[in-house]
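Coordinate inspection notes
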Amino acid sequence: MAIAEVTVIPIGTGTTSLSSYVADMQKVLEHQRGITYQLTSMSTIIEGPLNEVFTAIAALHEAPFLSGAQRVSTSVKIDDRRDKPDASSIQKLQSVNDKLASMPLRPN
């Protein structure tokens, strides 16, 4: 399973607020098959088979153009782990939390 962090930035929109574009892109993701996603304050995390993740990224990149943007910059980071079939964001976070819980407290 692949995990992608995607940031899509419409450029030349006439305003510094991008929340309407972000909302439109979240609606686009609702119609994508084979993925799960999570909006964060700075990006969107998409998980699923790599080909489905790429399809979702392409749809996200196109969405601001459909809403009137004349230029779009998209940044993508992908973690594609193939040694564990169910490596998800939740499992990655749980692994770190488990390690934190087993570490001794450091004195101030």
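Small disclaimer: the values here were computed from a predicted structure and weren't measured. (Residues numbered from 1 in each chain as written. Predicted model: local features only at pLDDT ≥ 70, side-chain atom pairs only at ≥ 80, totals over all residues. Heavy atoms only, no water.)

Quick look at the confidence of the model for the protein
Mean pLDDT over the protein stands at 91; residues scoring 70 or higher make up 100%. When pLDDT is averaged over each helix and strand of the protein, the minimum, 83, is found for helix α3 (residues 89–102) and the maximum, 97, for helix α2 (residues 50–66). (pLDDT = per-residue confidence, 0-100. Helix = DSSP H or I, 4+ residues; strand = E, 2+ residues; numbered from the N terminus.)

Let's talk about helix α1 (residues 19–30)
End to end, α1 covers 17 Å across 12 residues, agreeing with the expected 16 Å (1.5 Å per residue, within 8%). Of the residues making up α1, those classed as buried are Tyr21, Met25, Gln26 and Leu29. All buried residues of α1 fall inside an arc of 140° around its axis, so they share one side. Of the residues in α1, the exposed ones pointing more than 90 degrees away from the buried face are Ser19 and Lys27. Among the structural elements, β1 (2–11), β2 (36–39), β3 (44–48) and α2 are those in contact with the buried residues of α1. (Expected span 1.5 Å × (residues − 1). Buried < 20%, exposed > 50% of the residue type's maximum accessible area, 1.4 Å probe, protein only. Arc of directions from axis to C-beta. Contact = heavy atoms within 4.5 Å.)

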